[in-house]
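Analysis of the macromolecular model
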Amino acid sequence: MKNVYGLKKEKTMLQAEIKSLLKEDISILIKVPNSGKHYLCDCGEASLLTVKEIQSVSAVFISHTHIDHFSNFDGIFRHQIGSGEKVVICGPKNIHLQVEARLKSYTWNLIDEKAIEYEIREIISKEEINVYTLRPPQWNLELINTQNFLFEDEHVSVDFAILDHKTDSIAYLFKEKDTVSFSENASDFKKGKWIGELKTAFENNDTEKEIEIEGNVYKAADLFHLLTLNEGYKLGVIMDHAVAEDNYDKIKTVFGGADLVYIETFYKDSDQEFAKINYHSFASASGEIMNECEVKEAIPIHFSRRYTESDQEEIETAFYKAFRKN
C-alpha cells in the first residue's frame, strides 16, 4: 500500500556475506541479525562457511545446478541432518529430483524420519511453483501442492527472475518486510493500545476504522499522518546469466531500485567472447545493467577460477566504471 503520510528507509536488517575465497566456487550467506535465521544462496565450495552458520540456515536458494553452484550441497545437509527442523530448498526445474538423488546416494539406516524435513520448491515459471517434501530415511518425494509465490516468512519475501544461462538460472531478490512506526513527536495523545489498532488499520487500509483515544472517537484515516511506513530493504543475488536483452528485461523488472545487488561478473572485458560462448556476463556488462536498474549499490561476484587478484581488480575497476558512469 502506498503511504502518502511518510516513507523512509530504515537501516537494513539483512546482511550478506560472501563465504567463498578467490578461486573457490560461489556461496553467499544472508543473515537476519538478532534472529538466528540465515538464508544460503548457492552451495559452491565455501571455506569461510562455518558449521554453526549452516545449522542456522532455514532456506537454501539454488540458482542452477552446475557443479560450481551445487557441489557443496552434501556438506550442507551433513550438518543439518538431526536438527529436526524444516529446511526449504528453492531452485530451478528438476531441483527436487536432483536433491532426491543426492540424498538417496547415501545410507541412512541410523536416521529416523524426524531427523529433518526438506521442503523443495521447484520453479517452473513466475506463476507456477511445485512444492515437494522429502523425509528420511527413504527420502521419497511427495508433491504437496502448486503455488504462485516462492518464499515468505516473518522476515522477508523473495521474488525472482528466471534467466538464461543455457539452462534456467534463478536470480533472487530478498525484500525485508515493511514496518509501520508511530511518530511520537507529531501527537499530543497519551500512548495506549490505540496505537496498535491504528497500525493494524493502516496495514489493512481500513480508513473507516474507529479509533478511540481518551474518550473520543476518530476515523483511522484522520490519524494516519501520525504513522510512517518504513520500506523494507531489498537485497538481490544475480548469478550466472548470458548478456542478452531478454535477461536484462527480466532483471530490470525484478531488481529495479534495489538497495544492494550481488551480480555475477565471471569474465574480464577482454574475455567477453568467452562470456558469449559460455552464457556468462563480463565486467562492464554487469556494471551497465546495474546502472540501468538504478540500484543503490552493486557488487561484482563469481569470477573465473583462472583469474588472479590483479585480474579481479581489473574486473572490479571496469564494473564500477560502468555502474557509476565515472
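Further up the page is the structure itself.
Predicted model, so just to flag it, every value in this text is computed and none were measured.

**Observations concerning the overall build of the protein chain**
- Check the secondary structure of the protein chain and you find nine helices and 19 strands.
- With respect to the principal axes defined by its C-alpha atoms, the protein chain has extents near 70 × 60 × 35 Å.
- Burial statistics for the protein chain: of 326 residues in total, 49% are counted as buried.
- For the protein chain, long-range pairs separated by at least 24 residues make up 63% of all intrachain contacts whose partners lie at least 6 apart in sequence.

**Quick notes on the pairing of strand 11 (residues 156-164)**
- Of the strand pairs in this sheet, strand 10 (residues 151-152) and strand 11 are connected by two bridges, and their pairing is antiparallel. Along strand 11, the bridge assignment pairs Phe151 with Val158.
- Hairpin geometry of strand 10 and strand 11 is characterised by an intervening segment of three residues between the two adjacent antiparallel strands.
- Taken together, the nine bridges between strand 11 and strand 12 (residues 168-176) define a ladder with antiparallel strand orientation.

**Examining the sheet that holds strand 7 (residues 117-123)**
- Pairing is mixed across the open sheet formed by eight strands, whose spatial order is 2-3-4-5-6-7-8-9. Each edge of the open sheet carries a strand with a single partner, namely strand 2 (15-18) and strand 9 (142-147). On average, adjacent strands in this sheet sit at an angle of 20 degrees to one another, irrespective of strand direction.
- Bridging between strand 3 (residues 28-32) and strand 4 (residues 37-41) involves five bridges; their strand directions are antiparallel. Looking at the pairing, Ile28 lines up with Cys41 of strand 4.
- The sheet contacts of helix 4 (residues 95-104) involve strand 6 (86-91), strand 7 and strand 8 (129-134), and relative to strand 7 the element is tilted by about 145 degrees.

**Quick notes on helix 4**
- Every buried residue of helix 4 is accounted for by Ile95, His96, Val99, Glu100 and Leu103. Along the axis of helix 4, the buried residues cluster in a sector spanning 130 degrees; they form a single face.

**Re the packing of helix 6 (residues 245-255) against helix 8 (residues 283-292)**
- Remark: helix 6 packs on helix 8, axes separated minimally by 10 Å, with the N-to-C direction vectors making an angle of 40 degrees. When the axes of helix 6 and helix 8 are compared, the pair comes out oblique. As helix 6 runs across helix 8, the sense of the crossing is right-handed. Note on element contacts: helix 8 touches helix 6 through Ala285, Ile289, Met290 and Glu292, opposite Tyr248, Ile251 and Lys252.
- Residue classes in the contact of helix 6 with helix 8 are distributed as five nonpolar, no polar and two charged.

**Quick word on unusual backbone geometry**
- For the peptide bond that leads from Pro136 to Pro137, omega is 0 degrees, which places it in the cis range.
- The phi dihedral of Glu214 is positive, around 50 degrees, even though this residue is not glycine.
- As for its placement among the helices and strands, Glu214 is situated in the loop between strand 14 (210-213) and strand 15 (216-219).
- Under the relative-accessibility criterion, Glu214 is labelled exposed at 52%.

**Here's the deal with helix 8**
- The set of residues buried in helix 8 consists of Ala283, Ala285, Ser286, Gly287, Ile289 and Met290.
- Where helix 8 is buried, its residues contact strand 17 (234-238), helix 6, strand 18 (260-264), strand 19 (297-301) and helix 9 (309-324).
- Looking one or two places after helix 8, you find Glu294, whose phi comes out positive at around 55 degrees.

**Topic: the packing of helix 8 against helix 9**
- Packing of helix 8 against helix 9 leaves a shortest axis separation of 7 Å and a crossing angle of 30 degrees. Comparing the axis directions of helix 8 and helix 9 gives the class roughly parallel. Read as a crossing pair, helix 8 and helix 9 show a hand that is right-handed. Residue-level contacts link Ala283, Ser284, Ser286, Gly287, Glu288, Met290 and Asn291 of helix 8 to Ile315, Ala318, Phe319, Ala322 and Phe323 of helix 9.
- Taken together, the residues of the contact of helix 8 with helix 9 sort by class into seven nonpolar, four polar and one charged.

Basis of the calculations
- Residues numbered from 1 in each chain as written.
- Predicted model: local features only at pLDDT ≥ 70, side-chain atom pairs only at ≥ 80, totals over all residues.
- Heavy atoms only, no water.
- Helix = DSSP H or I, 4+ residues; strand = E, 2+ residues; numbered from the N terminus.
- Buried < 20%, exposed > 50% of the residue type's maximum accessible area, 1.4 Å probe, protein only.
- Contact = heavy atoms within 4.5 Å.
- Pairing = 2+ DSSP bridges.
- Axes fitted to C-alpha atoms, helices over the stretch in contact; angles between N-to-C directions.
- Arc of directions from axis to C-beta.
- Parallel < 35°, antiparallel > 145°, perpendicular 65-115°, else oblique.
- Left-handed = near helix turned anticlockwise from the far one by under 90°.
- Nonpolar A, V, L, I, M, F, W, Y, C, P; charged D, E, K, R; others polar.

Geometric values such as these leave the question of function open.
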